[in-house]
Amino acid sequence: MFLAEKSTGHMIEVLDTRMLMDPNESSVKGSLHFGEEAQDPEFFEKAGLNFPSGESLPQCWTDPDYRRR
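First things first, this report covers the structure right here in the doc. Every value quoted in this text rests on a predicted model; they were computed, and no experiment measured them.

Before going further, it helps to spend a moment on the overall build of the chain. Broken down by element type, the chain carries two helices and five strands. Order of helices (α) and strands (β) in the chain, N terminus to C terminus: β-β-α-β-β-β-α. Relative to a compact globule of 69 residues, whose C-alpha radius of gyration would be 11 Å, the chain shows 12 Å and is just as compact. Reported as C-alpha extents along the three principal axes, the dimensions of the chain are approximately 45 × 20 × 15 Å. The buried share among the 69 residues of the chain stands at 30%. In the form shown here, the chain has an accessible surface area of approximately 4700 Å², with 47% of it arising from carbon and sulfur atoms. Here the chain carries 7 positive and 13 negative side-chain charges, and the mean point of each set is 12 Å from the other.

Here it is in structure tokens:
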């Protein structure tokens, strides 16, 4: 799955979708796709990511208390 960095628009290939969908995780492991090849895996804060279309991540992926609000 690919997401985009909000600040730069660069594409991030998410390597662990379980972390992405877990609201208790604040970051996700992924590889930056910039240039000719994917970079080494690193962690990216979910708050700095969105879908390539510009849509934000679902609240149930980022807020562990989303049902209480």
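Our next topic: the sheet that holds strand β4 (residues 42-45). The sheet built from five strands is open, its strands ordered β4-β3-β2-β1-β5 with antiparallel pairing. The sheet is open, and its two borders are formed by β4 and β5 (49-50), each paired with just one other strand. Note: strand β2 (residues 11-14) against strand β3 (residues 27-33), four bridges, orientation antiparallel. Bridged to Val 14 within β3 is Gly 30.

Parameters and conventions
Residues numbered from 1 in each chain as written. Predicted model: local features only at pLDDT ≥ 70, side-chain atom pairs only at ≥ 80, totals over all residues. Heavy atoms only, no water. Helix = DSSP H or I, 4+ residues; strand = E, 2+ residues; numbered from the N terminus. Rg over C-alpha atoms; globule rule 2.2 N^0.38 Å. Buried < 20%, exposed > 50% of the residue type's maximum accessible area, 1.4 Å probe, protein only. Areas by Shrake-Rupley, 256 points an atom, 1.4 Å probe, with all protein chains shown as cover. Lys, Arg positive; Asp, Glu negative; His and termini not counted. Charge placed at Lys NZ, Arg CZ, Asp CG, Glu CD. Pairing = 2+ DSSP bridges.

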